[in-house]
Amino acid sequence: MGKGDYTEMGGVGEAFLTTHWSLIKAAGSAGQDADRALIGLLMEKYWRPVYCYLRRKGYDNEQAKDLTQGFFHEMVLGHRLIEKADAAKGRFRSFLLIVLNRYLINVHNAETARKRIPKERLVPLDFVGSCDLPESLAAASPEDSFNYAWVSGLLERTLEEVEAKCHEDGLSPHWRLFHDRVLEPILSRSEPPSLAELCQRYALAAPGTASNMIVTVKRRFQDALRQRLREASLSEDGTQEELLELQRFFPEIAQDPK
């Protein structure tokens, strides 16, 4: 799982995380420290989709890293992106992709981007080596690679949140059942264990008990997922649109609890 989103940076924490668009508006009017922190949070959400998009465009690992760094330095931290963002025009990530393509036209090559990057890089990309896609997306377009990276990152953050809350609320057994029955089979592309097997594994009285415990976590996950999708959209229709795209890439995990 990736790094959490609610780490305090320069004194800025959860209070600013209402929606992506409110983040952007706050970044344009906050003080310098808060401004950098808010943009840092945006980078945490979007550097991987940008990097994966560039890799799919044909740039190698180092070129894609340099262009990613340059894009965030000039277009995000430099506020040109913030100034032009318009919530009325739809999803922020669609807007981000348009601006990224304009940036690529203006920069021409990774060497030019490298020269524009400050000595202290904005995002720690040294550990990035590839942008792996599932077999079903082997021939995906750069846009699908971008969207897949964003969606998979959102799922990682949501699952981390739900797992932490389950442990906090004394529902660790519920999480383990959800992990073994739902999450792990999806990740490993394997058959899920039967409820009877899980009952034996965790000393539960009946399959119905295990099923109810799993549904409890599924409902928590769906609630958390919809909340995160609302953060990236402006309306219920926008949330539903985001959910449909998530279901396109992860149909099993995005389904309603049963």
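Residues numbered from 1 in each chain as written. Predicted model: local features only at pLDDT ≥ 70, side-chain atom pairs only at ≥ 80, totals over all residues. Heavy atoms only, no water.

1. Re the pattern of salt bridges
Our working rule: The term salt bridge refers to a side-chain nitrogen of Lys or Arg lying within 4 Å of a carboxyl oxygen of Asp or Glu. Numbering of helices and strands runs from the N terminus; a helix is a DSSP stretch of H or I covering at least four residues, while a strand is a stretch of E covering at least two. Only protein chains enter the accessibility calculation, which uses a 1.4 Å probe. A residue is then buried if its area is under 20% of the maximum for its type, exposed if over 50%, and partly exposed in between.
Overall, the coordinates contain 8 salt bridges when judged by the stated rule. Between aspartate 180 and arginine 201 there is a salt bridge; the shortest N-O distance is 3.0 Å. Taken together, the residues aspartate 180 in helix α8 (residues 172–188) and arginine 201 in helix α9 (residues 195–202) connect sequence positions 21 residues apart. Taking relative accessible area as the criterion, arginine 201 reaches 41% and is therefore assigned partly exposed. Among the charged side chains, a network of salt bridges with common partners joins Asp144, Glu245 and Arg248.

2. Notes on the nonpolar core
Heads up, the condition is: Side-chain atoms within 4.5 Å are what join buried Ala, Val, Leu, Ile, Met, Phe, Trp, Tyr and Cys residues into a set we call a nonpolar core. We call two residues contacting when some pair of their heavy atoms lies within 4.5 Å.
Counting 54 residues, the largest nonpolar core has Val50, Phe71, Phe72, Leu100, Tyr103, Trp175 and Leu225 as the members making the most contacts within it. Elements with a minimum of two residues in this core: α2 (32–56), α3 (61–77), α5 (92–107), α7 (142–168), α8, α9, α10 (207–231) and α11 (236–249). Looking at this core element by element, the count peaks at 10 residues for α7. Once residues within four sequence positions are removed from consideration, tryptophan 175 is found in contact with Leu159, Val162, Glu163, Cys166, His167, Leu183 and Val217.

3. Concerning the environment of asparagine 101
Positionally, asparagine 101 belongs in helix α5. Given a relative accessible area of 25%, asparagine 101 falls into the partly exposed group. Between the C-alpha atom of asparagine 101 and that of leucine 54, which follows or precedes it by 47 residues, the distance is 9.7 Å. Not counting residues up to four positions away in its chain, the partners in contact with asparagine 101 are Tyr53 and Lys57.

4. Observations concerning the packing of aromatic side chains
Cut-off, in case you're wondering: Here a pair means two rings of Phe, Tyr or Trp (six-membered ring of Trp) with centres within 6.5 Å. Their orientation is stacked below 30 degrees between planes, edge-to-face above 60, and tilted elsewhere.
Counted according to the given criterion, the structure contains 6 aromatic pairs. Between tyrosine 148 and phenylalanine 250, the aromatic rings sit 5.4 Å apart at their centres with planes inclined by 20°, giving stacked as the arrangement. Separated by 102 residues along the polypeptide, tyrosine 148 in helix α7 and phenylalanine 250 in the segment after α11 bring together distant segments of the chain. Take tyrosine 148 and phenylalanine 250: they sit in the same class, and that class is buried. Taken together, the ring pairs in this structure connect Phe71, Phe72 and Tyr103 into an aromatic cluster.

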